[in-house]
Amino acid sequence: MSKYKLRTLREKALVKLAQAGDNEALNMIIAKFEPMIISIASKYFGAWAEFQDLMQIGYVGLIQAVYSYNEEKTTKFSTFAYLNISSEIKSFITYLNREKNKVLSDAVSIESMFENYSEDSDYYFEVPSEVNLHQSAIYNYIFERTIDQMKDLEKDIVKMWLENNSYDEISQNIGVPKKKVDNTIQKFKKIANRVMKYVNNTISNGGTL
(Lines give C-alpha, C1' and ligand atoms only; values in the text may rest on other atoms or scores of the structure.)
Protein backbone atom coordinates (compact mmCIF):
# COMPACT_ATOMS: atom_id res chain seq x y z
CA MET A 1 0.00 0.00 0.00
CA SER A 2 1.30 3.49 -0.85
CA LYS A 3 2.29 6.00 1.82
CA TYR A 4 -0.48 8.29 0.60
CA LYS A 5 -3.15 5.64 1.21
CA LEU A 6 -1.60 4.74 4.56
CA ARG A 7 -1.93 8.36 5.70
CA THR A 8 -5.68 8.17 5.16
CA LEU A 9 -6.09 5.18 7.47
CA ARG A 10 -7.10 5.32 11.11
CA GLU A 11 -4.80 4.13 13.88
CA LYS A 12 -6.45 0.73 14.28
CA ALA A 13 -6.11 0.01 10.58
CA LEU A 14 -2.43 0.98 10.66
CA VAL A 15 -1.88 -1.24 13.68
CA LYS A 16 -3.47 -4.22 11.94
CA LEU A 17 -1.24 -3.70 8.92
CA ALA A 18 1.85 -3.38 11.12
CA GLN A 19 0.93 -6.56 12.98
CA ALA A 20 0.65 -8.29 9.61
CA GLY A 21 4.20 -7.26 8.73
CA ASP A 22 3.70 -3.96 6.89
CA ASN A 23 6.84 -1.98 7.77
CA GLU A 24 5.57 1.24 6.23
CA ALA A 25 2.53 1.13 8.49
CA LEU A 26 4.76 0.62 11.53
CA ASN A 27 7.03 3.47 10.43
CA MET A 28 4.00 5.73 10.16
CA ILE A 29 2.84 4.80 13.66
CA ILE A 30 6.30 5.52 15.04
CA ALA A 31 6.38 8.93 13.36
CA LYS A 32 2.87 9.76 14.54
CA PHE A 33 3.51 8.83 18.16
CA GLU A 34 6.97 10.36 18.50
CA PRO A 35 5.56 13.56 20.11
CA MET A 36 3.89 11.38 22.74
CA ILE A 37 7.20 9.64 23.46
CA ILE A 38 8.96 13.01 23.75
CA SER A 39 6.30 14.25 26.15
CA ILE A 40 6.50 11.18 28.39
CA ALA A 41 10.32 10.99 28.32
CA SER A 42 10.53 14.69 29.26
CA LYS A 43 8.89 13.92 32.58
CA TYR A 44 11.51 11.43 33.70
CA PHE A 45 14.99 12.17 32.37
CA GLY A 46 17.69 13.22 34.85
CA ALA A 47 21.33 12.80 35.75
CA TRP A 48 21.27 9.02 35.44
CA ALA A 49 18.60 8.49 32.83
CA GLU A 50 19.53 10.58 29.79
CA PHE A 51 16.77 11.92 27.58
CA GLN A 52 17.93 10.04 24.47
CA ASP A 53 18.02 6.79 26.46
CA LEU A 54 14.42 7.30 27.53
CA MET A 55 13.42 8.12 23.98
CA GLN A 56 14.85 4.81 22.77
CA ILE A 57 13.03 2.92 25.50
CA GLY A 58 9.88 4.85 24.61
CA TYR A 59 10.16 3.49 21.06
CA VAL A 60 10.48 0.01 22.57
CA GLY A 61 7.24 0.55 24.49
CA LEU A 62 5.45 1.81 21.39
CA ILE A 63 6.60 -1.08 19.20
CA GLN A 64 5.58 -3.60 21.84
CA ALA A 65 2.20 -1.85 22.08
CA VAL A 66 1.71 -2.27 18.34
CA TYR A 67 2.37 -6.01 18.40
CA SER A 68 0.40 -6.74 21.57
CA TYR A 69 -2.64 -4.55 20.89
CA ASN A 70 -5.99 -6.30 20.65
CA GLU A 71 -8.88 -3.95 19.97
CA GLU A 72 -11.39 -6.50 21.27
CA LYS A 73 -9.76 -6.67 24.70
CA THR A 74 -8.30 -3.21 25.23
CA THR A 75 -9.18 0.49 24.92
CA LYS A 76 -8.32 2.65 21.92
CA PHE A 77 -4.76 2.30 20.67
CA SER A 78 -3.55 5.79 21.63
CA THR A 79 -4.41 5.13 25.27
CA PHE A 80 -2.89 1.66 25.13
CA ALA A 81 0.28 3.09 23.56
CA TYR A 82 0.53 5.82 26.20
CA LEU A 83 0.29 3.30 29.02
CA ASN A 84 2.84 0.98 27.40
CA ILE A 85 5.34 3.77 26.72
CA SER A 86 5.01 5.13 30.25
CA SER A 87 5.32 1.67 31.78
CA GLU A 88 8.39 0.83 29.71
CA ILE A 89 10.16 4.07 30.64
CA LYS A 90 9.33 3.64 34.33
CA SER A 91 10.58 0.06 34.21
CA PHE A 92 13.80 1.20 32.57
CA ILE A 93 14.39 3.80 35.29
CA THR A 94 13.79 1.13 37.93
CA TYR A 95 16.24 -1.10 36.08
CA LEU A 96 18.85 1.66 36.00
CA ASN A 97 18.44 2.33 39.70
CA ARG A 98 18.97 -1.36 40.38
CA GLU A 99 21.96 -1.64 38.07
CA LYS A 100 23.73 1.67 38.52
CA ASN A 101 26.02 0.42 41.26
CA LYS A 102 27.06 -2.65 39.33
CA VAL A 103 29.89 -2.91 36.86
CA LEU A 104 28.39 -3.57 33.44
CA SER A 105 30.47 -6.32 31.91
CA ASP A 106 32.31 -5.49 28.72
CA ALA A 107 33.15 -9.15 28.24
CA VAL A 108 29.64 -10.46 27.66
CA SER A 109 29.08 -11.64 24.12
CA ILE A 110 26.22 -13.46 22.46
CA GLU A 111 25.64 -14.58 18.92
CA SER A 112 24.74 -11.56 16.88
CA MET A 113 21.05 -10.80 16.51
CA PHE A 114 21.87 -8.76 13.48
CA GLU A 115 23.43 -11.50 11.33
CA ASN A 116 22.09 -14.74 9.90
CA TYR A 117 22.62 -17.22 12.70
CA SER A 118 23.81 -20.79 12.70
CA GLU A 119 25.08 -22.78 15.65
CA ASP A 120 28.59 -22.72 14.19
CA SER A 121 28.49 -18.99 13.47
CA ASP A 122 31.56 -16.92 14.23
CA TYR A 123 29.57 -13.72 14.66
CA TYR A 124 29.22 -12.19 18.10
CA PHE A 125 27.43 -9.20 19.53
CA GLU A 126 29.55 -7.41 22.11
CA VAL A 127 27.91 -5.35 24.80
CA PRO A 128 29.59 -1.92 24.67
CA SER A 129 32.25 -1.21 27.30
CA GLU A 130 32.25 1.51 29.95
CA VAL A 131 32.73 4.12 27.21
CA ASN A 132 29.07 3.62 26.32
CA LEU A 133 27.57 2.52 29.63
CA HIS A 134 24.18 4.05 28.87
CA GLN A 135 23.99 2.09 25.61
CA SER A 136 25.01 -1.08 27.44
CA ALA A 137 22.17 -0.48 29.86
CA ILE A 138 19.69 -0.12 27.01
CA TYR A 139 20.86 -3.32 25.33
CA ASN A 140 20.86 -5.27 28.59
CA TYR A 141 17.43 -3.93 29.45
CA ILE A 142 15.97 -4.94 26.09
CA PHE A 143 17.47 -8.43 26.44
CA GLU A 144 15.97 -8.72 29.91
CA ARG A 145 12.56 -7.49 28.77
CA THR A 146 12.66 -9.85 25.79
CA ILE A 147 13.29 -12.81 28.06
CA ASP A 148 10.40 -11.66 30.26
CA GLN A 149 8.05 -12.26 27.32
CA MET A 150 8.98 -15.94 27.19
CA LYS A 151 7.79 -18.95 29.17
CA ASP A 152 9.77 -20.37 32.11
CA LEU A 153 11.25 -23.26 30.13
CA GLU A 154 12.18 -20.91 27.31
CA LYS A 155 13.87 -18.57 29.78
CA ASP A 156 16.01 -21.43 31.04
CA ILE A 157 17.01 -22.32 27.48
CA VAL A 158 17.92 -18.73 26.60
CA LYS A 159 19.90 -18.21 29.79
CA MET A 160 21.96 -21.32 29.12
CA TRP A 161 22.52 -20.14 25.54
CA LEU A 162 23.69 -16.75 26.75
CA GLU A 163 26.19 -18.59 28.94
CA ASN A 164 27.68 -20.04 25.72
CA ASN A 165 26.30 -23.57 26.13
CA SER A 166 25.87 -25.47 22.88
CA TYR A 167 22.51 -26.72 21.66
CA ASP A 168 23.54 -30.27 22.60
CA GLU A 169 24.48 -29.20 26.13
CA ILE A 170 21.23 -27.29 26.59
CA SER A 171 19.20 -30.19 25.22
CA GLN A 172 20.84 -32.69 27.57
CA ASN A 173 20.76 -30.49 30.67
CA ILE A 174 17.16 -29.33 30.34
CA GLY A 175 15.82 -32.51 28.78
CA VAL A 176 14.24 -31.09 25.64
CA PRO A 177 14.77 -31.91 21.95
CA LYS A 178 17.47 -29.96 20.15
CA LYS A 179 14.79 -28.62 17.81
CA LYS A 180 13.01 -27.06 20.78
CA VAL A 181 16.23 -25.33 21.76
CA ASP A 182 16.65 -23.94 18.26
CA ASN A 183 13.03 -22.76 18.05
CA THR A 184 13.34 -21.00 21.41
CA ILE A 185 16.55 -19.19 20.48
CA GLN A 186 15.06 -18.09 17.17
CA LYS A 187 11.98 -16.80 19.01
CA PHE A 188 14.16 -14.83 21.44
CA LYS A 189 16.19 -13.35 18.61
CA LYS A 190 13.11 -12.46 16.60
CA ILE A 191 11.55 -10.49 19.45
CA ALA A 192 14.73 -8.63 20.39
CA ASN A 193 15.83 -8.09 16.80
CA ARG A 194 12.47 -6.65 15.82
CA VAL A 195 12.60 -4.12 18.64
CA MET A 196 16.26 -3.21 18.18
CA LYS A 197 15.86 -2.83 14.41
CA TYR A 198 13.17 -0.20 14.69
CA VAL A 199 14.70 1.56 17.67
CA ASN A 200 18.06 1.85 15.91
CA ASN A 201 16.50 2.89 12.59
CA THR A 202 14.28 5.46 14.25
CA ILE A 203 17.13 7.00 16.21
CA SER A 204 19.48 7.06 13.21
CA ASN A 205 16.80 8.87 11.19
CA GLY A 206 16.32 11.55 13.80
CA GLY A 207 13.22 10.07 15.33
CA THR A 208 11.23 9.44 12.17
CA LEU A 209 11.38 6.90 9.35
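Keep in mind it's a predicted model, so treat the numbers as computed, not measured.

What about helix α4 (residues 51-68)?
- For α4, which comprises 18 residues, the first-to-last C-alpha distance of 26 Å matches the rise-based estimate of 26 Å (1.5 Å per residue) to within 8%.
- With 14 of 18 residues buried, α4 is to be regarded as a mostly interior element.

Some remarks on the environment of M55
- Locating M55 in the fold gives a position in helix α4.
- As for M55 and I40, which are separated by 15 residues in sequence, their C-alpha atoms are 8.8 Å apart.
- If we skip the residues at most four places from it in the chain, M55 touches E34, I37, I38 and A41.

As for the confidence of the model for the chain
- Scored by pLDDT, the chain has a mean of 75; 70% of the residues are at 70 or more.
- No element of the chain has a lower mean pLDDT than strand β1 (residues 109-110), at 37, and none a higher one than helix α8 (residues 167-174), at 93.
- Scored below 50 in pLDDT, residues 102-133 shows 55 contacts in the model against residues more than four places distant or in partner chains.

Some details on the pattern of salt bridges
- All chains considered together, the criterion is met by three salt bridges.
- We note a salt bridge from K32 to E11, for which the minimum N-O separation is 3.4 Å. Taken as a pair, K32 in helix α3 (residues 23-42) and E11 in helix α2 (residues 11-19) lie far apart in primary sequence, 21 residues in all.
- We classify E11 as partly exposed; its relative accessible area is 22%.

So, the side chain of N84
- Mapped onto the secondary structure, N84 falls in helix α5 (residues 77-99).
- Among the polar contacts made by the side chain of N84, one reaches the main-chain carbonyl oxygen of F80 at a distance of 2.8 Å.
- In this view, N84 contacts G61 and A65; residues no more than four positions away in its chain are not counted.

Some details on the environment of K32
- Overall, the relative accessible area of 46% leaves K32 in the partly exposed class.
- Sequence spacing of K32 and E11 is 21 residues, and the spatial spacing of their C-alpha atoms is 9.5 Å.
- Side-chain polar atoms of K32 contact the side chain of E11, separated by 3.4 Å.

Looking at the packing of α3 against α4
- Where α3 contacts α4, the two axes come as close as 9 Å, and the packing angle between them is 130 degrees. As far as their axial angle goes, α4 and α3 are oblique. Remark: the crossing between α3 and α4 carries right-handed chirality. In this structure, α3 contributes L26, I29, I30, F33, E34, I37, I38, A41 and S42 to the contact, and α4 contributes F51, L54, M55, G58, Y59, L62, I63, V66 and Y67.

Observations concerning the nonpolar core
- In this structure, I29, L62, F77, I89 and F92 are the most contacted members of the largest nonpolar core, which totals 52 residues.
- When contributions to this core are tallied by element, the ones reaching two or more residues are α2, α3, α4, α5, α6 (133-148), α7 (152-162), α8 and α9 (178-204).
- If we skip the residues at most four places from it in the chain, I29 touches L14, V15, A18, L62, V66 and F77.

Rules of the game
In this convention, every chain numbers its residues from 1, walking through the sequence in written order. Two thresholds apply to this predicted model, a pLDDT of at least 70 for residue-level local features and 80 or more for giving and counting side-chain atom pairs, whereas whole-chain, interface and lining totals are computed over all residues. Hydrogens are left out, water is left out, and the side-chain values use all remaining heavy atoms of the structure. Numbering of helices and strands runs from the N terminus; a helix is a DSSP stretch of H or I covering at least four residues, while a strand is a stretch of E covering at least two. The span expected for a helix works out to 1.5 Å for each residue beyond the first. Here's how the labels work: a residue is buried when its accessible area is under 20% of the maximum for its type, exposed when over 50%, partly exposed in between, all with a 1.4 Å probe on protein chains only. Throughout, a residue-residue contact means that at least one pair of heavy atoms, one from each residue, lies within 4.5 Å. Confidence scores per residue from the predictor, reported as pLDDT, run from 0 to 100. The term salt bridge refers to a side-chain nitrogen of Lys or Arg lying within 4 Å of a carboxyl oxygen of Asp or Glu. Identification of polar contacts relies on pairs of N or O atoms within 3.5 Å, with a donor-acceptor requirement for protein atoms, meaning one able to donate a hydrogen and the other able to accept it, and with residues adjacent in sequence counted only if both atoms are side-chain atoms. Only C-alpha atoms enter the line fits that serve as axes; for helices the fit covers just the stretch in contact. Angles between N-to-C directions range over 0 to 180 degrees. Roughly parallel means an angle under 35 degrees; roughly antiparallel means over 145; roughly perpendicular covers 65 to 115; every other angle is labelled oblique. Rotating anticlockwise by less than a right angle from the far helix to the near helix defines a left-handed crossing, while the corresponding clockwise rotation defines a right-handed one. Here the nonpolar core consists of buried residues drawn from Ala, Val, Leu, Ile, Met, Phe, Trp, Tyr and Cys, with membership extended through side-chain atoms lying within 4.5 Å.

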